[in-house]
Amino acid sequence: MLLSMQGISKAFSGVSALRSASLEIDGGEVMALVGQNGAGKSTLIKILTGAYQRDEGTIIFEGREISFASPAESQASGIATIYQEINLAPQRSVAENIYLSREPRIFGFLDRRAMREGAAAVLKTFNLDIDVDMPVAHFSAATRQMIAIARAVTQKARLVIMDEPTSSLDEKEVGILFETIRTFQKNGVAVLFIGHRLDELYAICDRVTIMRDGQTVAKSPMRDMPKIELVRNMLGKELAAFEGMAREAGSDNTRPVRLSVENAGSGVRVRDVSLTVREGEISGLAGLLGSGRTETARIIFGVDRLEHGLIKVDGKKRTYSEPADAIADGIGLVSEDRKIDGIVPEMSIRENMTLALLPKLKKAGIVDRARQQQIVDRYIKALGVKCASPDQPIKELSGGNQQKVLLARWLCTDPRILIIDEPTRGIDIGAKAEILKLLRRLADDGLSVLMISSELEELLAAADTVTVLSDGRSVATLPKSELSETALMTAMAHQVN
Ligand SMILES: Nc1ncnc2c1ncn2[C@@H]1O[C@H](COP(=O)(O)OP(=O)(O)OP(=O)(O)O)[C@@H](O)[C@H]1O
Ligand SMILES: [Mg+2]
């Protein structure tokens, strides 16, 4: 056995995060680690890597009892980690990031050329042809994720830990990642794969370890664990079904159009996009990564300039030169890259949640604390945010729970139009159904939702109508009656018009 963790316990200021959890991995095996948001997955691996210290328990790695004092120490011992919060140095170059703290040297000096060439070579195996001298901050979330993975590859580790590695990757990139994992497997390198997308877990993992409330509740070969059984173990109860969430009839043409985008374009990413969102409906926006979905949202919201075409809200032409104007008009945008431009880590859950609402909460420059507390309590409850108190710094929450807080940030501003980019990314299956149901309830109360999603299942379950983008153009608008996985995939893959 390569790794054995037994009886691991950990509490944060008295609140227990892990209670005698265990994990075992063999060499060359791909182990899935699953559990709901806050189950303790990230904490368990941070204890293994020395990012956190355990309160109790033993860890045996390659036959020796170990206790790493820091991530650098575990890295030197052959454990490479790709954290959920991408931990690259944004201002340093791609090459520097790949070799961070293991820079090649000649005569004691940094060998920049070897570094550049080495970095370019690994990235090439990922089909990434980028300028390795550019700062990491310059690249998209997906590219940054690939850079983090490339770094792990160059570490020649015995165990590679991936905490939700696919959350910002598109299908093609996931394919490349899986190839890499298979290569690890062939070379006897073990992989610990934390994820929420069941299809991926079944595609790549040999065995699964399931956590719930800080404990390890099940271990099994993947093939002996049916999906429904896995979900039941995770939730500890029957799965709340997605069914019946979208209105039977779908989009109702008699409802007034709240938002319409007509032949909009900006730069090369958005060429010709048309879509409408009616009052009280959830309108989906589908397309592959790079098809222009996020960029379309940015134009509507006033982040990027509309170069041609029209945007209308309630039938009136609108051009927002900055997001503040869009917000004042009742539009909210929950952006995709919540980890980067979303949370303020040092601030409390309460402050993070009411950030967008603050101007409205102020009377004569003073925040109405009572109202603030009321709103925060309501959304913590509605979204099931797992926290000790609203005053806890948001950085202490699990990744999925942080996302719920950011979703609440926009929901509590009471928008008329909510644009939401990948609403359930990184959120477990139970919370996902909750969030989609909440969006449905809000729509029933009159909210118009434009929901950007890569998950077909989610679009099918929640959208009343779906517009599909391909290469910066809207290529299809599918009413509820024509929505199916095949119809969506066909439209996403080809230009149908
Ligand atoms: N630094 C910290 N301070 C206080 N509490 C923490 C800290 N890190 C984690 N926790 C708590 O420990 C529990 C487990 O969190 P963890 O991040 O391990 O969950 P997870 O299984 O990775 O969830 P997710 O799927 O949302 O990423 C949560 O209740 C979280 O709030
Ligand atoms: Mg986590």
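Just above, that's the structure.
Residues numbered from 1 in each chain as written. Chains lettered and ligands numbered in written order. Predicted model: local features only at pLDDT ≥ 70, side-chain atom pairs only at ≥ 80, totals over all residues. Heavy atoms only, no water.

S.K.: An account of the pattern of salt bridges is requested, with residue identities and associated values reported.
M.R.: Tallied over the full model, the rule gives 22 salt bridges. Between Glu 62 and Arg 158 there is a salt bridge, with the nearest N and O atoms lying 3.0 Å from each other. Taken together, the residues span a long stretch of sequence, with Glu 62 in the loop between β4 (56-61) and β5 (64-65) and Arg 158 in the loop between α5 (141-154) and β9 (159-163) at a distance of 96 residues. We classify Arg 158 as partly exposed; its relative accessible area is 33%. Where Asp 133 meets Arg 116, a salt bridge forms, and the shortest distance between an N and an O atom there is 3.5 Å. Here the residue Asp 133 occupies a position in the loop between α4 (112-125) and α5, and Arg 116 occupies one in helix α4, the gap between them amounting to 17 residues. Look at Arg 116 and you get partly exposed, because its relative accessible area is 33%. A network of salt bridges, in which partner residues are shared, links Arg 258, Glu 279, Asp 314 and Arg 416. (Salt bridge = Lys/Arg side-chain N within 4 Å of Asp/Glu carboxyl O. Helix = DSSP H or I, 4+ residues; strand = E, 2+ residues; numbered from the N terminus. Buried < 20%, exposed > 50% of the residue type's maximum accessible area, 1.4 Å probe, protein only.)

S.K.: Mind laying out helix α6 (residues 171-186), listing which residues take part and the relevant values?
M.R.: What sets the pattern is the α-helix's 3.6 residues per turn: residues three or four places apart point alike. Its 16 residues give α6 an end-to-end C-alpha distance of 23 Å, which sits within 8% of 22 Å, the value for a rise of 1.5 Å per residue. For α6, every residue scored as buried is listed here: Glu 173, Val 174, Ile 176, Leu 177, Phe 178, Thr 180, Ile 181 and Phe 184. Of the residues one or two after α6, Gly 188 is the one with positive phi, at around 80°. (Expected span 1.5 Å × (residues − 1).)

S.K.: Tell me about the site of ligand 1, and name the residues and values.
M.R.: Close contacts around ligand 1 come from 20 residues, with Gly 38, Lys 41, Thr 43, Ser 398 and Gly 400 the closest. Side-chain polar atom of Ser 42 to an oxygen atom of ligand 1: 2.8 Å apart, as the coordinates give it. Within the side chain of His 196, an N or O atom sits 3.1 Å from an oxygen atom of ligand 1. Summarising the interface, the protein chains cover 89% of the accessible area of ligand 1, which totals 640 Å² for the free molecule. Classifying every residue of the shell around ligand 1 by side-chain character gives 5 nonpolar, 11 polar and 4 charged. (Near = heavy atom within 4 Å. Polar contact = N/O pair within 3.5 Å; in protein donor to acceptor, adjacent residues only side chain to side chain. Areas by Shrake-Rupley, 256 points an atom, 1.4 Å probe, with all protein chains shown as cover. Nonpolar A, V, L, I, M, F, W, Y, C, P; charged D, E, K, R; others polar.)

S.K.: Outline the sheet that holds strand β1 (residues 3-12), supporting the account with residue identities and numerical values.
M.R.: Ordered by their spatial adjacency, 4 strands build an open sheet running β2-β1-β4-β5, and the pairing between neighbours is antiparallel. Lying at the two open borders of the sheet, with one neighbouring strand each, are β2 (15-25) and β5. The sheet contact formed by β1 and β2 spans 7 bridges and is antiparallel. Paired with Ile 8 across the strands is Ala 21, a residue of β2. (Pairing = 2+ DSSP bridges.)

S.K.: Account for a nonpolar patch on the surface, with residues named and values stated.
M.R.: On the surface, Ile 106, Phe 107 and Phe 109 cluster together into a nonpolar patch covering about 420 Å² of accessible area. Among the secondary structure elements, Phe 109 is positioned in strand β8 (residues 109-110). Look at Phe 109 and you get exposed, because its relative accessible area is 60%. (Patch = residues over 30% accessible without salt bridge, like charges linked within 9 Å, V, L, I, M, F, W, Y side chains within 5 Å.)

S.K.: Tell me about the environment of Thr 43, and please be specific about residues and values.
M.R.: Inspection of the secondary structure assignment puts Thr 43 in helix α1 (residues 41-49). For Thr 43, a relative accessible area of 12% gives the class buried. Expressed as a C-alpha distance, the spacing of Thr 43 and Leu 201, which sit 158 residues apart in the sequence, is 20 Å. Ignoring any residue separated from it by four or fewer positions in sequence, one finds Thr 43 in contact with Lys 10, Phe 12, Ala 17, Leu 18 and Tyr 52. (Contact = heavy atoms within 4.5 Å.)

S.K.: With reference to specific residues and values, describe the pairing of strand β13 (residues 257-266).
M.R.: Within β13, 7 of the 10 residues are buried, which leaves it mostly tucked inside the rest of the structure. Strand direction decides the pairing type here: β13 and strand β14 (residues 270-278), joined by 6 bridges, are antiparallel. Opposite Ser 260, over in β14, you have Thr 276 as the bridge partner. Hairpin connection from β13 to β14: 3 residues lie between these consecutive antiparallel strands, with Gly 267 at a positive phi of about 60°. Relative to strand β16 (residues 308-313), β13 is paired through 5 bridges, and the arrangement is antiparallel. From the neighbouring strand, Val 261 faces β16, where its bridge partner is Ile 311.

S.K.: Let's hear about unusual backbone geometry: which residues, and what values?
M.R.: Non-glycine residue Asp 314 carries a positive phi angle of around 50°. Note that Asp 314 resides in the loop between β16 and β17 (316-317). For Asp 314, a relative accessible area of 33% translates into the label partly exposed. Even without a glycine there, the phi angle at Asp 471 is positive, about 50°. Judged by its relative accessible area of 42%, Asp 471 falls in the partly exposed class.

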